[in-house]
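In case you want the letters, here they are:
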4 protein chains.
Amino acid sequence: MTLSRESERPEGASWRQSAYDIIFLADTPAGRWFDIGLLLAILMSIVVISLETVPEYRDNEAWMLRLWSLEWILTGLFTAEYLMRLVCSRRPLRYAFSFWGIVDVLSILPSYALLFAGTSSRSFVILRSVRLLRVFRVLKLWRMMSDADELSAAVWRARNKVVVFLAVLLVAVTISGTLMYHVEADLPDRRRPDSQFTSIPQAMYWAIVTMSTVGYGDVVAKTTPGKVIAAGLILLGYSLIIVPTGFVSAELAGGKMGSRGNEPAADIDAGSPDSCDVCGRTGHRDSANFCDQCGTSLERSQ
Amino acid sequence: MTLSRESERPEGASWRQSAYDIIFLADTPAGRWFDIGLLLAILMSIVVISLETVPEYRDNEAWMLRLWSLEWILTGLFTAEYLMRLVCSRRPLRYAFSFWGIVDVLSILPSYALLFAGTSSRSFVILRSVRLLRVFRVLKLWRMMSDADELSAAVWRARNKVVVFLAVLLVAVTISGTLMYHVEADLPDRRRPDSQFTSIPQAMYWAIVTMSTVGYGDVVAKTTPGKVIAAGLILLGYSLIIVPTGFVSAELAGGKMGSRGNEPAADIDAGSPDSCDVCGRTGHRDSANFCDQCGTSLERSQ
Amino acid sequence: MTLSRESERPEGASWRQSAYDIIFLADTPAGRWFDIGLLLAILMSIVVISLETVPEYRDNEAWMLRLWSLEWILTGLFTAEYLMRLVCSRRPLRYAFSFWGIVDVLSILPSYALLFAGTSSRSFVILRSVRLLRVFRVLKLWRMMSDADELSAAVWRARNKVVVFLAVLLVAVTISGTLMYHVEADLPDRRRPDSQFTSIPQAMYWAIVTMSTVGYGDVVAKTTPGKVIAAGLILLGYSLIIVPTGFVSAELAGGKMGSRGNEPAADIDAGSPDSCDVCGRTGHRDSANFCDQCGTSLERSQ
Amino acid sequence: MTLSRESERPEGASWRQSAYDIIFLADTPAGRWFDIGLLLAILMSIVVISLETVPEYRDNEAWMLRLWSLEWILTGLFTAEYLMRLVCSRRPLRYAFSFWGIVDVLSILPSYALLFAGTSSRSFVILRSVRLLRVFRVLKLWRMMSDADELSAAVWRARNKVVVFLAVLLVAVTISGTLMYHVEADLPDRRRPDSQFTSIPQAMYWAIVTMSTVGYGDVVAKTTPGKVIAAGLILLGYSLIIVPTGFVSAELAGGKMGSRGNEPAADIDAGSPDSCDVCGRTGHRDSANFCDQCGTSLERSQ
């Protein structure tokens, strides 16, 4: 989303240009206020959507009227903002089919769908929470995204480890779920109809809830062997939580250290066999041509 | 809260000065004992306030008498201490309107309010726990606060990341809460009145309880799709906990490494002004005598 | 599992060789597609096994027919794959008694056992989840295993610490379990038959569930002293979780740092054999020319 | 527990000396087997004590007989071991009143107390779990204790931070507990007798269970403001768990780096002003007398 094209603007369309600056850019005072206002409107619309489902308000005519009015005002504002974006944008179609353009449409459509199609379109309502994604566009324009990028980079560097971790986790969940189902509910000699482990998927749900230390308690082991297995699985899950934490910590610490001081890391690593023939000094950088102690040429790979 | 002004004291008011030394300073033996006594009095007053609400004691005349007596003795002591602070302080008004001055008043007022206004002022009672904040003033004067400062600094350096993290968390909570409400309680074709997901705010409460791995179990998914979404959300929450831990760990490790004799860092960091005069290469080790690129003598500090 | 012997293949048996390449190797396109197909078949067979236990499907003739058909197709495929492995392998017996060979047999036997021995062999069914272990063989051939090795190495380096940690944990669990049993259920002067702490093993199960922060809530303290002990144990468990995390983090960070240009480490580590001939002082830096205690020239490697 | 005095043994009492070697030392084969046997005996006695409380065994004459026999055999062995330690030890009284001597007595006394004093001494029974502490003595003699020491050192270095952390935690627990009690159970205008927050200590128990992410679910917020406060507290607790983890991780990572190569940290830190007057080389160890590059005397503090 490089918006630097704004410098090529035609001088004539001044109001379109100012609207563009306010809506799409964040580094002018007006643009910042617009972003803060938009952020508040998005949050308020989420609050309104949430309150509409609370029984106390849903069954109260007066409140529902207020909430609906508020939602229509906000939907109107979002519609106006969307149209302004289309008008201001140099390439309206490109904006309309971009990721954020689609998010913008999806966040206003459900309200209109409710109006025209009635309650038969209620499953559209879920789409209204798409509005929240727009929070990220507002944040994206601020400088804190560089930190998010640093985090993403650390997660990305550790991606293979995360895949291995998830594979180990899923295998542990499936095996312990199968085991618990057979131990708790379905041993050959007795079938317990009152067990909470009604099926293997249910037992796998229990295993995930247990290994992540969430522990709702809606499904719990009731037999002694089941409790022993559960205790073992808890200790395993307790140990497994170390893995991703350690990996990302190490990546973040490594990234930090690496970026500090010219990547001494790789540079010296490869250089370690290249000890100086004259003074024996080691630890030269890959890019070193001369020994930094006695000044002799290192002449590598000869 | 620099209290070094005490050296400008007038020699005359010796008792005020000694009281000042004892109450406001912590580096004399008397001041330390005063602090320890104050700490114990604060903790004891919290214990008294807590016990007053326990049914066994609340319904027992004899116990309530003892607890009330104890509370009035402690309130009397705190009042005396507050008055002494006002008297001893060089600028009583400034103290009275400082942060700690207000905390001190708020921690004794509710007891008097109960006496004069009766039970109609019960909401004041909550303010009595403000007393606990005074624990920090006592600790503040001790040297362990430098460690707290180190932690605060690490958290402060990571503040942007924390904001990004909280934004991601809140978006995840809202979207999964909305989804779970519609899946568990309110699909277009069937509305389940017996679901525990009675509204979107309730579902968001569930999402926070789940993602933080608290998992009370008072609200749990009961349908199969709900359980699948819950399992996915748990795995997501399990991964998200890495993020802040990793960030602060990295910041703390980074800060420690930086402050500790700038070892690997400084060797190169400090060397950066020592660029080679001939080829301009930087990043030489402290112990380097010759440029490792062109072999010129570095001849530092001449 | 070094498979490099394939270069010594006899040129004649071309179909056996191609089958070998596809089944045992992962770096050809055909081999990769075979692996992906196998992975999907394994996952699908797990899904089928799981669904067979869900009441909705188990009590439904039509669904059970479909699931059984699917399972027999998959069992047939796995059998064919196993026979192909035996035929292709240069040393079939060696394969048959290798770890993966046994896993392969165990993953198909239970289905046949059910067919021939009927429901009396139901405890064999648990063995079907052994199939999941095969997921690792498929992953093993991919390059992400180097990351798993790095993790294993970090865990292995920290093994003594893990043993100490588990010993501390088990002692804490046993002592607090015994204590809670006596406090909650079995004090000399009163025996509470309605307590959830019915025995010491049950109390130890509670202690594990509590210290790992799982907290099902199926066993909870109900007396005041029990709650005080529980709160203390929770704080202890909360502190203990630091230990393994910290250890593995440090190992991973250390490993990363160590492998990265052995910077501070090697400088002194490598120097340790270079003890001073005169005073015996060790720990000199690689770049040291003179003993830093007595000033004697170190004259290395001469 | 330095046991090097054994070299001063009188040559005569050879059986006492061999018994001493076996019982007190761990580096001979006999001593190691003795330790392993003792470890198994301790663990078995814990299993016996636990099983005695399980209803199925407690109400079964035959089982109780077996368990009691086993316990008396083990108690006899421990008594014999204790007497041997007294006899073998050079200074029996000193051993008897040392920490491990008292642990040894406490681990056998409760069994005899039960025999002589009958069930009126049942509270002594708790002391039997003291036996478990002896596990540490056995482990202490093995080399893995150096890792435990490393951990203890890291925790010890971070002790001030842990105190600050616990202070913050306790203040958060007390304030949120008080708040929740007033919000959930005891607002001035309505008092809810059915609330689970029956008193401030109960609310503080809830706060600890919540902030540590244990989340039993036996005490949960039921009002909307209570749930909002609970959600906030959960997020706070979720953030607080970072703190100790980060600190100890950083200490361990720091310690590892420090201990790797003779504490270059403190050594060089202090030494950094002591650059060599002749060659300007820095980074000498505190204990260095001569420059390790040019051999010039460093002559500090003159």
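Residues numbered from 1 in each chain as written. Chains lettered and ligands numbered in written order. Predicted model: local features only at pLDDT ≥ 70, side-chain atom pairs only at ≥ 80, totals over all residues. Heavy atoms only, no water.

Caption draft 1: The overall build of chain A, seen in detail. Within chain A, the regular secondary structure consists of 13 helices and two strands. When burial is assessed residue by residue, chain A has 50% of its 302 residues classed as buried. A separation of at least 24 residues holds for 50% of the contacts in chain A among residues at least 6 apart in sequence. (Helix = DSSP H or I, 4+ residues; strand = E, 2+ residues; numbered from the N terminus. Buried < 20%, exposed > 50% of the residue type's maximum accessible area, 1.4 Å probe, protein only. Contact = heavy atoms within 4.5 Å.)

Caption draft 2: Region of the structure containing the packing of helix H1 (residues 14-24) of chain A against helix H4 (residues 61-88) of chain A. Residues and elements named next belong to chain A. For the pair H1 and H4, the least separation of the axes is 9 Å and the interaxial angle reads 125 degrees. Comparing their axes, H4 and H1 come out oblique. Seen along the crossing, H1 lies across H4 with a hand that is left-handed. Where H1 abuts H4, its residues Trp-15, Arg-16, Ala-19, Tyr-20, Ile-23 and Phe-24 lie against Met-84, Arg-85, Val-87 and Cys-88. When grouped by side-chain class, the residues that make up the contact of H1 with H4 number eight nonpolar, no polar and two charged. (Axes fitted to C-alpha atoms, helices over the stretch in contact; angles between N-to-C directions. Parallel < 35°, antiparallel > 145°, perpendicular 65-115°, else oblique. Left-handed = near helix turned anticlockwise from the far one by under 90°. Nonpolar A, V, L, I, M, F, W, Y, C, P; charged D, E, K, R; others polar.)

Caption draft 3: Up close: unusual backbone geometry. All names here are of chain A. Phi is positive for Thr-213, close to 60 degrees, though the residue is something other than glycine. Along the polypeptide, Thr-213 turns up in the loop between helix H10 (200-211) and helix H11 (224-240). For Thr-213, a relative accessible area of 7% puts it in the buried group.

Caption draft 4: Seen up close, the environment of C:Ile175. Among the secondary structure elements, C:Ile175 is positioned in helix H9 (residues 159-184). Residue class for C:Ile175 comes out partly exposed when judged on its relative accessible area of 28%. Spatially, the C-alpha atoms of C:Ile175 and C:Val228 are 15 Å apart, while their sequence positions differ by 53 residues. In contact with C:Ile175, not counting residues within four places along its chain, are D:Ser129, D:Leu132 and D:Leu133.

Caption draft 5: Representation of the pattern of salt bridges. Summed over the entire model, instances satisfying the criterion amount to eight salt bridges over all chains. C:Glu81 is the partner of C:Arg85 in a salt bridge, and the nearest nitrogen-oxygen pair spans 2.8 Å. Taken together, the positions of C:Arg85 and C:Glu81, both in helix H4 (residues 61-88) and four residues apart, correspond to about one turn of that helix. Look at C:Glu81 and you get buried, because its relative accessible area is 7%. A single network of salt bridges, built from pairs that share partners, joins A:Glu81, A:Arg85 and A:Asp104. (Salt bridge = Lys/Arg side-chain N within 4 Å of Asp/Glu carboxyl O.)

Caption draft 6: Spatial organisation of the nonpolar core. A:Trp206, B:Trp206, C:Trp206 and D:Trp206 are the most contacted members of the largest nonpolar core, which totals 109 residues. Examining the composition of this core, we find that nine residues originate from one element, helix H10 (residues 200-211) of chain B, more than from any other. Filtering out sequence-adjacent residues up to four positions away, C:Trp206 remains in contact with C:Met180, C:Phe197, C:Val219, C:Val220, C:Ala230, C:Leu233 and D:Tyr216. (Core = buried A, V, L, I, M, F, W, Y, C linked by side-chain atoms within 4.5 Å.)

Caption draft 7: Representation of helix H1 (residues 14-24) of chain C within the structure. Among all positions of H1(C), only C:Gln17, C:Ala19, C:Tyr20, C:Asp21, C:Ile23 and C:Phe24 are buried. Contacts made by the buried residues of H1(C) are with helix H2 (29-51), H4 and helix H5 (92-96) of chain C.

Caption draft 8: Quick peek at a positive patch on the surface. All names here are of chain A. A cluster of basic residues, Arg-16, Arg-90, Arg-91 and Arg-94, forms a positive patch at the surface. Along the chain, the position of Arg-91 falls in the loop between H4 and helix H5 (92-96). Arg-91 gets classed as partly exposed once you look at its relative accessible area, which sits at 40%. (Patch = residues over 30% accessible without salt bridge, like charges linked within 9 Å, V, L, I, M, F, W, Y side chains within 5 Å. Areas by Shrake-Rupley, 256 points an atom, 1.4 Å probe, with all protein chains shown as cover. Lys, Arg positive; Asp, Glu negative; His and termini not counted. Charge placed at Lys NZ, Arg CZ, Asp CG, Glu CD.)

Caption draft 9: Representation of helix H4 (residues 61-88) of chain D in the model. All names here are of chain D. For H4, spanning 28 residues, the distance from its first C-alpha to its last is 40 Å, which sits close to the expected 40 Å at 1.5 Å a residue. Taken together, the buried positions of H4 are occupied by Met-64, Leu-67, Glu-71, Leu-74, Thr-75, Phe-78, Thr-79, Glu-81, Tyr-82, Arg-85 and Cys-88. Of the residues flanking the start of H4, the one acting as N-cap is Asn-60, its side-chain oxygen 3.0 Å from the backbone nitrogen of Ala-62. (Expected span 1.5 Å × (residues − 1). Polar contact = N/O pair within 3.5 Å; in protein donor to acceptor, adjacent residues only side chain to side chain.)

Caption draft 10: Broad picture of the side chain of C:Arg85. Residue and element names in this part refer to chain C. Taking relative accessible area as the criterion, Arg-85 reaches 3% and is therefore assigned buried. At 2.8 Å, the side chain of Arg-85 and the side chain of Glu-81 are in polar contact. Ignoring anything within four residues of it in the chain, the contact list for Arg-85 reads Ile-23, Phe-24, Phe-34, Leu-38, Tyr-95, Asp-104 and Arg-137.

Caption draft 11: View of the packing of aromatic side chains. Tallied over the entire structure, the rule returns 20 aromatic pairs over all chains. With a centroid separation of 6.0 Å and an interplanar angle of 40 degrees, the aromatic rings of A:Tyr82 and A:Tyr95 are classed as tilted. Here A:Tyr95 lies in helix H5 and A:Tyr82 lies in helix H4, a separation of 13 residues in the sequence. The exposure class assigned to A:Tyr82 is buried, which follows from its relative accessible area of 12%. Here A:Tyr95 falls in the buried class, since its relative accessible area comes to 6%. Consider the rings of B:Phe197 and B:Trp206, whose centres lie 5.3 Å apart with planes at 70 degrees: the pair is edge-to-face. Like B:Trp206, B:Phe197 is buried. (Phe/Tyr/Trp six-rings, centres within 6.5 Å; stacked < 30°, edge-to-face > 60°.)

Caption draft 12: Summary view of a nonpolar patch on the surface. Residue and element names in this part refer to chain A. Residues Trp-33, Ile-36, Leu-40 and Leu-43 make up a contiguous nonpolar surface patch of about 430 Å² in total accessible area. Position of Ile-36 relative to the elements: it lies in helix H2 (residues 29-51). On the accessibility criterion, Ile-36 (30% relative accessible area) is partly exposed.

Caption draft 13: View of the packing of H1(C) against H2(C). Residue and element names in this part refer to chain C. Taken N-terminus to C-terminus, the directions of H1 and H2 make an angle of 55 degrees; their axes are 7 Å apart at the nearest point. When the axis of H1 is compared with that of H2, the two are oblique. In terms of crossing hand, the pair formed by H1 and H2 is right-handed. On H2, the residues touching Asp-21, Ile-22 and Ile-23 of H1 are Ala-30, Gly-31 and Phe-34.

Caption draft 14: Just the confidence of the model for chain A, in detail. Residues and elements named next belong to chain A. Mean pLDDT over chain A stands at 72; residues scoring 70 or higher make up 61%. Taken as a whole, residues 1-10 scores under 50 in pLDDT and shows 14 contacts with residues more than four places along the chain or in a different chain. The low-confidence segment residues 256-274 (pLDDT under 50) makes 43 contacts with residues lying over four places distant or belonging to another chain. The ipTM, which scores confidence in the relative placement of chains, is 0.71 for this predicted complex, and the corresponding pTM is 0.74. (pLDDT = per-residue confidence, 0-100.)

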